[in-house]
Amino acid sequence: MTSGNPMPDTSELPDCPVCSGRFDLVYDRFRQKVYVCIDCHVGLTVPDSAWEIVRQKRDHRWPSKG
């Protein structure tokens, strides 16, 4: 993840909780992305603010050395 683009690629998303399939990005608008499982069509909506929380948790868990 880069600081200029807080959204990860789909490889950072977990597997589908229903069928363990892969999510595909189907909607990409300002401050929101929607992913759908390519196998069972379960949807996942992710606001941009969620990725900021992920970044903060990672920074807290693994503080940078410097």
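Residues numbered from 1 in each chain as written. Predicted model: local features only at pLDDT ≥ 70, side-chain atom pairs only at ≥ 80, totals over all residues. Heavy atoms only, no water.

Describing the pattern of salt bridges
Side chains carrying opposite charge are able to pair once their charged atoms draw close together. Threshold: By salt bridge we mean one thing: a side-chain nitrogen of Lys or Arg within 4 Å of a carboxyl oxygen of Asp or Glu. We call a residue buried when its accessible area falls under 20% of the maximum for its residue type, exposed when it is over 50%, and partly exposed in between, using a 1.4 Å probe and counting protein chains only. Segments assigned H or I by DSSP are reported as helices when at least four residues long, segments assigned E as strands when at least two residues long, and all are numbered from the N terminus.
Summed over all chains, the structure comprises three salt bridges. Asp 28 is the partner of Lys 33 in a salt bridge, and the nearest nitrogen-oxygen pair spans 2.8 Å. By relative accessible area, which is 13% here, Lys 33 ends up buried. Asp 28 gets classed as partly exposed once you look at its relative accessible area, which sits at 41%. A salt bridge links Arg 55 to Glu 52; its shortest N-O distance comes to 2.4 Å. Here Arg 55 pairs with Glu 52, and both are found in helix H1 (residues 48-61), just three residues apart, close to one helical turn. A residue is classified by how much of its surface remains accessible, and Arg 55, at 36% relative accessible area, is partly exposed. A residue is classified by how much of its surface remains accessible, and Glu 52, at 31% relative accessible area, is partly exposed. Several salt bridges converge on common partners, so that one network encompasses Glu 52, Arg 55 and Asp 59.

Points about the side chain of Lys 33
The following threshold applies: Pairs of N or O atoms are called polar contacts if they sit within 3.5 Å, as long as, within protein, a hydrogen donor faces a hydrogen acceptor (for residues adjacent in sequence, only side-chain-to-side-chain pairs).
Tracing the chain through its elements places Lys 33 in strand S2 (residues 32-37). A distance of 2.8 Å separates the side chain of Lys 33 from the side chain of Asp 28, its partner in a polar contact.

Let's talk about the environment of Cys 40
The cut-off we apply is this: The contact criterion used is simple: two residues touch if any of their non-hydrogen atoms lie within 4.5 Å.
Among the structural elements, Cys 40 can be located in the loop between S2 and strand S3 (43-47). Each C-alpha atom of the pair Cys 40 and Cys 19 lies 6.8 Å from the other, and the pair is 21 residues apart in sequence. Not counting the four nearest positions on each side in its chain, Cys 40 is found in contact with Cys 16, Val 18 and Cys 19.

Some words on the pairing of S3
A regular strand carries its side chains on alternate faces of the sheet. Defined as follows: Between any two strands, pairing holds if DSSP finds at least two bridges.
Pairing of S2 with S3, which is carried by five bridges, proceeds in the antiparallel orientation. Within S3, the residue paired with Tyr 35 across the bridge is Leu 44. What sits between the antiparallel neighbours S2 and S3 is a turn of five residues, in which His 41 has the positive phi angle 70 degrees.

A closer look at the sheet that holds strand S1 (residues 23-29)
We count it as follows: Fitted lines through C-alpha atoms give the axes, limited to the stretch in contact for helices. The angle between two N-to-C directions lies from 0 to 180 degrees.
The three strands are arranged S1-S2-S3 in an open sheet whose pairing can be described as antiparallel. Edge strands, defined here as strands with exactly one partner in the open sheet, are S1 and S3. Averaged over neighbouring strand pairs, the angle between their axes works out to 25 degrees when direction is ignored. Sitting on the sheet, H1 touches S2 and S3, and the angle it makes with S3 is about 70 degrees.

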